[in-house]
Amino acid sequence: RGGGKRVRVGKGGFSSSSGKRCARTKTMMMSSSSSDPTTTTTTPKPKTALVPIANGSEEMETTVIVDVLRRAGCRVTVASCEDSVTCRMSRDVQITADCTMRDLRGRETSKLNFDAIVVPGGMPGAERLGKCDILDELLKKQSEEKKVIAAMCAAPAVVLLAKGLLATCEASEATAHPAFDLGEAYAKDKKKRVCYSKSDGGHVVITSQGPGTAIEFALALVKELCGEEKRKEVAGPMCVPEDVLLG
């Protein structure tokens, strides 16, 4: 079909359907000649995140999540729940993932460790992700290990609530797109753009409303995974308003 635009968010950078490729900017840290050769510096292990997508997922949310987390130095794996790595998103943009969820299943689930699983919204993408049994296994594992679970737009309702994860993770607050109901327990949070919940048991759940809140949502993830200083470092060059950083 000739109508869709194709964008690659896999590890090789972004490419378009016209075949043009944008090189990813890399920065090399050069050691000073005056540094003490006896001093060893340990480089922190990069945080990892899984962003699952499907036909009908929201392309703005997906791209912003992946972009912002990679700006923070996170290793992001974009995985398609479809048979193909290329998904036709909710507004007919085509996004090529790093791999399929089936490829992940080729590895032992016990060895698949992500610091965060981040589920974008969009319909019917959220419904398709909600029916993906491999993602279901990974989300349950994530909950058991008390690692970050995040979702936005339709996904907090269609994926997290439907699977009982908001209750399992003892989420004290949660939000979603205004068109989706999370029930009476979260009615007070309906107008919040981003909700952060950390239970006494250590479960962390981050939720958000939609495309217009995607940058705030992604920066909240950066803060949780990499710290406040990294969040400010990433937000500055993006010209994010100060009131967002104060939120």
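Residues numbered from 1 in each chain as written. Predicted model: local features only at pLDDT ≥ 70, side-chain atom pairs only at ≥ 80, totals over all residues. Heavy atoms only, no water.

Regarding its fold elements, the protein presents nine helices and ten strands. Here the protein, with 247 residues, has 47% of them falling under the buried criterion. Considering only contacts in the protein between residues 6 or more positions apart, those separated by 24 or more positions represent 65%. Roughly 12900 Å² of accessible area belongs to the protein as shown, and the carbon and sulfur atoms make up 52% of that amount. (Helix = DSSP H or I, 4+ residues; strand = E, 2+ residues; numbered from the N terminus. Buried < 20%, exposed > 50% of the residue type's maximum accessible area, 1.4 Å probe, protein only. Contact = heavy atoms within 4.5 Å. Areas by Shrake-Rupley, 256 points an atom, 1.4 Å probe, with all protein chains shown as cover.)

Following Met123, the chain continues into Pro124 via a peptide bond in cis, with omega recorded as 5°. Structurally, Pro124 is set in the loop between strand 7 (116-119) and helix 3 (125-130). Positioned with a positive phi, Lys146 is a non-glycine residue whose angle comes to about 55°. Assignment of secondary structure puts Lys146 in the loop between helix 4 (133-144) and strand 8 (148-152).

Considering the arrangement of structural elements, one finds Ala116 in strand 7. For Ala116, a relative accessible area of 0% translates into the label buried. As a C-alpha pair, Ala116 and Val205 span 89 residues in sequence and 9.7 Å in three-dimensional space. Residues contacting Ala116, with those up to four places away along its chain left out, are Thr48, Ala49, Leu50, Gln142, Val148 and Leu225.

What follows is about the packing of helix 1 (residues 59-71) against helix 7 (residues 214-226). Following both chains from N to C, one finds helix 1 and helix 7 inclined at 35°, their axes separated by 9 Å at the closest point. Crossing of helix 1 over helix 7 shows right-handed handedness. Here Glu61, Val64, Ile65, Val68 and Leu69 of helix 1 lie close against helix 7, whose contacting residues are Ala214, Ile215, Phe217, Ala218, Leu219, Leu221, Val222 and Leu225. For the contact of helix 1 with helix 7, a count of residues per class yields twelve nonpolar, no polar and one charged. (Axes fitted to C-alpha atoms, helices over the stretch in contact; angles between N-to-C directions. Left-handed = near helix turned anticlockwise from the far one by under 90°. Nonpolar A, V, L, I, M, F, W, Y, C, P; charged D, E, K, R; others polar.)

What follows concerns the nonpolar core. Counting 37 residues, the largest nonpolar core has Ile53, Leu69, Val118, Ile206, Phe217 and Leu221 as the members making the most contacts within it. No other element matches helix 7, which puts eight residues into this core. In terms of nonpolar packing, the next biggest core, distinct from the first, is built from 31 residues, Cys99, Leu129, Ile149 and Leu165 among them. (Core = buried A, V, L, I, M, F, W, Y, C linked by side-chain atoms within 4.5 Å.)

The next thing to look at is the pattern of salt bridges. Under the defined criterion, the tally for this structure stands at 18 salt bridges. Here Arg102 and Asp83 are joined by a salt bridge, their closest N and O atoms 2.8 Å apart. Placement of Arg102 in helix 2 (residues 101-105) and of Asp83 in the loop between strand 3 (75-80) and strand 4 (86-88) is noted, with a sequence separation of 19 residues between them. Residue Asp83 is classed as exposed on the basis of its relative accessible area of 65%. Of the charged contacts in the structure, one is a salt bridge between Asp189 and Lys188, with a shortest N-O distance of 3.3 Å. By relative accessible area, Lys188 is classed as exposed at 57%. Connected via shared salt-bridge partners are Glu173, Lys188, Asp189 and Lys192. (Salt bridge = Lys/Arg side-chain N within 4 Å of Asp/Glu carboxyl O.)

Next up on the list: the environment of His203. Structurally, the position occupied by His203 is in the loop between strand 9 (194-198) and strand 10 (204-208). The spacing of His203 and Ala171 is 32 residues in sequence and 7.8 Å in space, taken between C-alpha atoms. Beyond its immediate stretch of four places on either side in the chain, His203 contacts Ser143, Lys146, Thr168, Cys169, Glu170, Ser197 and Lys198. Within the local environment of His203, its side chain forms a polar contact with the backbone oxygen of Ser143, the two atoms lying 3.1 Å apart. (Polar contact = N/O pair within 3.5 Å; in protein donor to acceptor, adjacent residues only side chain to side chain.)

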